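Spelled out, the chains give:
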Amino acid sequence: MKRVVITGMGIVSPVGTGIEYAWKNIVNGVSGVRKIDTFDASDLASQIAGLPVIGTEPGQYNPDAVVDAREQRKLEKFIIYGMVAADEALRDAGLIDYEGDKTRMGVSIGAGIGGLNTIYDNCAELYANGPRHISPFFIPKVIINMAAGNVSIKYGLKGPNISVVTACASSAHSIGEAVRLIQHGDADIMVAGGAEGAVGKIGVAGFCAMKALSTRNDDPAGASRPWDKERDGFVMAEGAGILILEEYEHAVARGAKIYAEVAGYGLSGDAYHITAPAPNGEGGMRAMQTAIKDAGLQPSDVDYINAHGTSTGLGDMGELSAVKNLFAETNVCMSSTKSMTGHLLGAAGAVEAIFCVLAIRDGIVPPTINLENPEDEVGDFNLVPNKAQKKEVNVALSNSFGFGGTNASLVLKKFVK
């Protein structure tokens, strides 16, 4: 089986744009959750979100540096997030001016919700003023595969062009499927990950109607608190994470920098409930088992798990139960970086895979912040509470679970020739 390595990464997130800026804040336990200021949220139960900081300073989100301002009017923000993260990843990999065969270079960028805000705006325009006022860019702005499509067009990437849509597991599945495309010989390089920009009136209102969101509006930084008894729901967030996946021999031939190897990919279905996870996290556990088996490893080989860990009661405890069962008698530790970023929905898996790679690179596992009063079931299990820990990480596992009972796990491994 062909080996697949990571040769570039890019990120737009509430804790920073650019992998080094975001990673520094993650390691230092800095929250990117704040009061919503992009629209009037005063009549919503949840008024907080994880939002990229817009600006021109290093570490801030500056779409004008990648996408022409006039062109941005034709694009939904999740598409632009994906393009900005992809640009960083391609530059990081030394591929921005790639002169090789671009029919062997593809794109796999997913999203969970896509152009929800544009749908809302055009529906309002339709009902208020009639069909003649609908934007001609309405449909191309909202289709989820347009993040992948626009990246493909901008950089002339003519290989496989796909987009996986599996709710909050979208970008993890997009990465896993991209790995398989390379392994099966359909591409040498894949630009893979996810993007999401669903923090708008309709999106927040919809999750509020489900009573899924935290209403800790007076304490945004403390709102996302996985496994803590005082948690009251997840925090919506937006951004993008992109990884450059490359066939090992191809990467070596062009002298590429190699961060890590994608060693395993597992996926499963709960067949249980449209939003609740299967009891004891059984479905997620099968995804983890499959990913570890795919990597040719044992549970005892895994050093760190980046949890799905959204800060919801059923989700947190189901995942913890599955991990404690699967990794009993091992020295694994687990944390949720969503405690700092909030939940980036369809982009979460890619962003968290990036954090796993950086944990491998630097020998540091990021903390779960706001973990002040753990659930009794936590016991002495190491959830890396409140402060990063130094640890050699040779193998990391990243979990992403989504509504509809869809699960994905990725195994990232330290690169060894």
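This text follows the structure it describes.
Residues numbered from 1 in each chain as written. Predicted model: local features only at pLDDT ≥ 70, side-chain atom pairs only at ≥ 80, totals over all residues. Heavy atoms only, no water.

### Considerations on the overall build of the protein
Rules: Numbering goes from the N terminus for both helices and strands, where a helix is a DSSP run of H or I of at least four residues and a strand is a run of E of at least two. Our radius of gyration is a C-alpha quantity, and the globule rule it is checked against amounts to 2.2 Å times the number of residues to the power 0.38. Classification of residues uses two cut-offs on accessible area relative to the type maximum, computed with a 1.4 Å probe and protein chains only: under 20% is buried, over 50% is exposed, and between them is partly exposed.
In terms of regular secondary structure, the protein is built from 13 helices and 15 strands. Taking 22 Å as the expected radius of gyration for a compact globule of 417 residues, we find that the protein reaches 20 Å, a close match to that expectation. Each of the three principal axes of the protein carries a C-alpha extent, and together these read 65 × 50 × 45 Å. By the burial criterion, 60% of the 417 residues in the protein qualify as buried.

### Structural notes on unusual backbone geometry
One non-glycine residue, valine 384, lies in the positive phi region at around 50°. Using a relative accessible area of 0% as the deciding quantity, one classes valine 384 as buried.

### Observations regarding the environment of alanine 223
So the rule is basically this: Here, two residues are considered to be in contact whenever any of their heavy atoms come within 4.5 Å of each other.
Turning to its location among the elements, alanine 223 is positioned in the loop between α8 (201-209) and β8 (239-247). A relative accessible area of 0% means that alanine 223 is categorised as buried. Separated by 59 residues in sequence, alanine 223 and valine 164 have C-alpha atoms that sit 30 Å apart. Among residues more than four places away in sequence, those in contact with alanine 223 are Ile48, Ser214, Arg216, Asp232, Gly233, Val235, Ser311 and Asn370.

### What about the packing of helix α1 (residues 19-27) against helix α13 (residues 348-362)?
Test applied: Axis geometry follows a simple rule: fit a line to the C-alpha atoms, using only the stretch in contact for helices, then measure angles between N-to-C directions, giving values from 0 to 180 degrees. When an angle is under 35 degrees it counts as roughly parallel; over 145 it counts as roughly antiparallel; between 65 and 115 it counts as roughly perpendicular; any other value is oblique. Just so you know the grouping, Ala, Val, Leu, Ile, Met, Phe, Trp, Tyr, Cys and Pro go in nonpolar, Asp, Glu, Lys and Arg go in charged, and all remaining residues, Gly too, go in polar.
The interhelical angle for the contact between α1 and α13, taken along N-to-C directions, is 80°, at an axis separation of 11 Å. Comparing the axis directions of α1 and α13 gives the class roughly perpendicular. Residues Ile19, Glu20, Ala22, Trp23 and Ile26 of α1 form the contact with α13, whose own contacting residues are Ile354, Phe355, Leu358, Ala359, Arg361 and Asp362. Of the residues assigned to the contact of α1 with α13, the class counts are eight nonpolar, no polar and three charged.

### Re the packing of aromatic side chains
To be explicit about the condition: Two rings from Phe, Tyr or Trp (for Trp, the six-membered ring) form a pair when their centres are within 6.5 Å of each other. A pair whose planes differ by under 30 degrees is stacked, one over 60 is edge-to-face, and the rest are tilted.
A full pass over the atoms with the stated rule returns five aromatic pairs. Here phenylalanine 207 and phenylalanine 234 contribute two aromatic rings whose centre-to-centre distance is 5.3 Å and whose plane-to-plane angle is 80°, an arrangement assigned as edge-to-face. Of the two residues, phenylalanine 207 sits in helix α8 while phenylalanine 234 sits in the loop between α8 and β8, which places them 27 residues apart along the sequence. The exposure class of phenylalanine 207 is buried, given its relative accessible area of 11%. Relative accessible area serves as the criterion here: at 5%, phenylalanine 234 is assigned to the buried category. Between phenylalanine 207 and phenylalanine 403 the ring centres are 6.4 Å apart and the planes differ by 55°, which places this aromatic pair in the tilted class.

### Side note on α1
Rules: Think of it as the arc spanned by the lines of direction from the helix axis to the C-beta atoms.
All of the buried residues in α1 are Ile19, Ala22, Trp23, Ile26 and Val27. Projected down its long axis, α1 carries its buried residues within an arc of 130°, all on one side. Looking at the packing, one finds that the buried side of α1 touches β1 (4-13), β2 (16-17), α3 (77-92), α12 (338-341), α13 and β12 (364-365). Just downstream of α1, glycine 29 is the residue with a positive phi angle, here 70°.

### Considering the side chain of lysine 338
Worth spelling out the cut-off: Polar contact is defined as a pair of N or O atoms within 3.5 Å, subject to the rule that within protein one atom must be able to donate a hydrogen and the other to accept it, and that residues adjacent in sequence are counted only when both atoms are side-chain atoms.
Of note, lysine 338 is situated in helix α12. Exposure remark for lysine 338: the relative accessible area of 1% places this residue in the buried category. Here the side chain of lysine 338 touches histidine 308 through a polar contact of 2.6 Å, landing on its backbone oxygen. Not counting residues up to four positions away in its chain, the partners in contact with lysine 338 are Ser224, Ala307, His308, Gly309, Thr310, His343, Ala348 and Glu352.

### Some details on the environment of glycine 149
Looking at the element boundaries, glycine 149 is found in helix α6 (residues 146-155). Residue glycine 149 is classed as buried on the basis of its relative accessible area of 11%. Distance from glycine 149 to isoleucine 96, taken between C-alpha atoms, is 17 Å for residues 53 residues apart in sequence.

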